[in-house]
Amino acid sequence: MSVQGMQERSWDREVWRLSLPIILSNLFVPLPGAVDTAVLGHLDEEVYIGAVAVSAMIFSFIYWGFGFLRMGTTGPAAQAWGAEKHQDFWLVLLRGLLLAAVFSVSLLILQNLIGLLSFSLVAASEGVETLAWDYYAIRIWGAPATLANYVIIGWFLGAQNARIPMILQVVVNLLNVALDLWFVMGLGMTVDGVAAATVIAEYCGLALGIYYILKHRASWPDVGISFCAILEMAPLKKMMLVNRDILIRTLCLVFAFAYFTAQGAQLGDTVLAANAVLMTFQSFTAFGLDGFAHATEALVGKAVGRGKAGEIRAAVRAALRLGVIMSLVVGVFYWLASAPLIGLFTDITAVAELASDYMIWLAVLPILSVWCFVYDGVFLGATRSQDLRNGMVISLIGYLAALHLLLPLIGNHGLWLALCVLMVLRGLTLWRRFPALLDNAGKPAEA
């Protein structure tokens, strides 16, 4: 084997070392949502599925919107780790937790206003909206744990440690599933049981995350950190500006999916329920492929901290090679196993038959999506947040234009085709900026 071939094999192993635990753990992330859909889909009425779909969309805005607490933590932590700046490494964690606390308290204070605004934007039936409100009123109290967990997971990934995030994700989501089944199937609860299960699981995950932080505090380099250092304005400002760009990028993405759900709701409760079942599969796809994004993010951040542009290229090539292979496998699996997969989530005949009509899009989306996942990781790891923001804004505009052109022509197929357009545009806009990122490798992004 040539030297280049050996180097590629080495980078493949490095990407697998980080991505495989993340892929395995990420596959557990949509599991509670899948179980929610399955247990409620086997109740007497389809409004339960629709209520969870609508309320989950709202929490996508709320929690995905604050996803910058995870994404804005991994890159700076990885850069500090690569540069062996141990104090900066710990300060990234503490500043992130401080921001998580501030934002979660704000969410709790403003919960009624947020709920009223959110439900006013969704054209769902009265029965769906009433149940969705019940879910929302319980789930919002998990905000402090959810946001803190984002920071903790991002920080460990920055330390090139994918094992602990995997453990945290698996524990939280398996506990969520167990409580789901107990509350709904055992105690006869509905959407209230689903929401309570999620809140309890998130706080248990936070307790476990704090345990791992304290455990590693004893083994990693000891540094003195004062409260004044945490509140130092220059790095806080830089963190906030990076997080602002990531927030805008994330809100655009969440809006795209929320708009998808809202447009589906206008096509009727059956279409809404069928799309909810299919979006469950898309969630598994996204969280699985996101493992390559997280691995690339950690590796690129470390390479930027060391000023090694060549390592960035090698990490991206390896992530794309492995990601394309996995996306092809996933797409073929969805196509061949569509009928039994749909049957797992609903036995309502009208919903199952309609979902099968649109399963082709779930087979196509993985190969169209893998490029944007990997490049997301590249730009997050390099903290090039302005490129991420600008690329997503352009992609959202193209998606909305495609949706409004295609929806009147081919109905729900137009929704799914527009979603494919969004994924392709996300990858293309970042690919065009990749050479500029390489040219500036090793230089921190300007605030």
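Before any of the text, the structure's been laid out above.
Cut-offs and rules
Residues numbered from 1 in each chain as written. Predicted model: local features only at pLDDT ≥ 70, side-chain atom pairs only at ≥ 80, totals over all residues. Heavy atoms only, no water. Helix = DSSP H or I, 4+ residues; strand = E, 2+ residues; numbered from the N terminus. Buried < 20%, exposed > 50% of the residue type's maximum accessible area, 1.4 Å probe, protein only. Contact = heavy atoms within 4.5 Å. Areas by Shrake-Rupley, 256 points an atom, 1.4 Å probe, with all protein chains shown as cover. Axes fitted to C-alpha atoms, helices over the stretch in contact; angles between N-to-C directions. Parallel < 35°, antiparallel > 145°, perpendicular 65-115°, else oblique. Left-handed = near helix turned anticlockwise from the far one by under 90°. Nonpolar A, V, L, I, M, F, W, Y, C, P; charged D, E, K, R; others polar. Core = buried A, V, L, I, M, F, W, Y, C linked by side-chain atoms within 4.5 Å. Salt bridge = Lys/Arg side-chain N within 4 Å of Asp/Glu carboxyl O. Expected span 1.5 Å × (residues − 1). Polar contact = N/O pair within 3.5 Å; in protein donor to acceptor, adjacent residues only side chain to side chain. Phe/Tyr/Trp six-rings, centres within 6.5 Å; stacked < 30°, edge-to-face > 60°. Lys NZ or Arg CZ within 6 Å of the ring centre and 35° of its normal. Patch = residues over 30% accessible without salt bridge, like charges linked within 9 Å, V, L, I, M, F, W, Y side chains within 5 Å. Bend = angle between axes of the 7 residues up to and from the residue.

Mind showing me how you'd approach the overall build of the chain here?
In terms of regular secondary structure, the chain is built from 19 helices and 0 strands. Buried residues in the chain amount to 58% of all 447 residues. Within the chain, residue pairs in contact and separated by at least 24 positions form 86% of the contacts whose partners lie at least 6 positions apart. Carbon and sulfur atoms make up 67% of the accessible area of the chain, which amounts to about 18,100 Å² in all.

Would you take a moment to explain the packing of helix α4 (residues 68-82) against helix α13 (residues 269-306) for this structure?
In the contact formed by α4 and α13, the axes pass within 6 Å of each other and the chain directions differ by 40 degrees. It follows that α4 is oblique to α13 by the angle criterion. Crossing hand, α4 versus α13: right-handed. Together, R70, M71, T74, G75, A78, Q79 and G82 of α4 and H294, E297, A298, G301, K302, V304, G305 and R306 of α13 make up the contact between the two elements. Among the residues making up the contact of α4 with α13, the classes are represented as 4 nonpolar, 7 polar and 4 charged.

I would appreciate a short explanation of the nonpolar core in the present structure.
As a rule of thumb, nonpolar side chains are buried together in soluble globular proteins. Residues L69, F281, I312 and W416 are the most contacted members of the largest nonpolar core, which totals 136 residues. Those residues in contact with W416 that lie beyond four places of it in its chain are F260, N275, L278, M279, Y358, W361, L362 and L365.

Which parts of the structure should I look at to understand the pattern of salt bridges?
Any two side chains of opposite charge can pair, so long as their charged atoms come close to each other. All chains considered together, the criterion is met by 7 salt bridges. The closest approach of N and O atoms between D245 and R244, which form a salt bridge, is 3.1 Å. By relative accessible area, R244 is classed as partly exposed at 38%. With its nearest N and O atoms 3.0 Å apart, the salt bridge here joins R433 to D387. Taken together, the positions of R433 in helix α19 (residues 412-439) and D387 in helix α18 (residues 385-410) put the pair 46 residues apart, joining distant regions of the chain. For D387, a relative accessible area of 15% gives the class buried.

Help me understand helix α12 (residues 233-266) in this model?
Because an α-helix completes one turn every 3.6 residues, residues spaced three or four positions apart along the sequence face the same direction. Helix length check: α12, at 34 residues, gives a terminal C-alpha distance of 47 Å against a target of 50 Å (1.5 Å per residue), a fit within 8%. Backbone geometry just after α12 places G268 at a positive phi near 120 degrees.

I keep staring at the side chain of T74 and nothing clicks. Help me out?
Tracing the sequence through the fold places T74 in helix α4. With relative accessibility at 0%, the residue T74 sits in the buried group. At 3.0 Å, the side chain of T74 forms a polar contact with the side chain of R70.

Explain the packing of aromatic side chains here, please?
How two aromatic rings sit relative to each other is set out by the distance from centre to centre and by the angle between their planes. Summed over the entire model, instances satisfying the criterion amount to 17 aromatic pairs. Where W81 meets F89, the ring centres are 5.1 Å apart and the plane angle is 55 degrees; that geometry is what we call tilted. On the accessibility criterion, F89 (2% relative accessible area) is buried. Centroid distance W90 to W155: 4.8 Å. Interplanar angle 55 degrees. Geometry classified as tilted. Of this pair, W90 sits in helix α5 (residues 86-109) while W155 is found in helix α8 (residues 143-158), placing the two residues 65 residues apart along the sequence. Judged by relative accessible area, W155 falls into the buried class, the value being 0%. Through successive ring pairs, a cluster of aromatic residues spans W81, F89, W90, W155 and F156. Over the face of the ring belonging to F373 we find R426, whose NZ or CZ atom lies 5.8 Å from the ring centre.

Would you take a moment to explain a nonpolar patch on the surface for this structure?
Together, V105, I109, L110 and L113 make up a nonpolar patch on the protein surface, roughly 400 Å² of accessible area in all. Note that L110 resides in the loop between α5 and α6 (111-120). Exposure remark for L110: the relative accessible area of 42% places this residue in the partly exposed category.

Where do I start with the packing of helix α14 (residues 309-336) against helix α17 (residues 359-381) in this structure?
For any two helices packed against each other, one specifies the inter-axial angle together with the distance between the axes. For the pair α14 and α17, the least separation of the axes is 8 Å and the interaxial angle reads 165 degrees. The angle between α14 and α17 places the two elements in the roughly antiparallel class. Between α14 and α17 lies a crossing of right-handed hand. Between α14 and α17, the residues in contact are V316, A319, L320, G323, V324, S327, L328, V330, G331, Y334 and W335 and M359, I360, L362, A363, P366, I367, V370, W371, V374, Y375 and V378, respectively.

I tried to follow α17 on my own but got confused; where do I start?
Between its first and last C-alpha, α17 extends 34 Å over 23 residues, near the 33 Å set by a 1.5 Å rise per residue. Along its length, α17 shows its largest kink, about 35 degrees, at S369. In terms of burial, α17 is largely enclosed, as 18 of its 23 residues are buried.

Looking at this model, I keep getting lost on unusual backbone geometry. Mind explaining?
What you tend to see is this: most non-glycine residues have negative phi, and most peptide bonds are trans. Even without a glycine there, the phi angle at Q160 is positive, about 65 degrees. For Q160, the location among the structural elements is in the loop between α8 and α9 (163-186). Even without a glycine there, the phi angle at T383 is positive, about 50 degrees. Among the structural elements, T383 can be located in the loop between α17 and α18. By relative accessible area, T383 is classed as buried at 9%.

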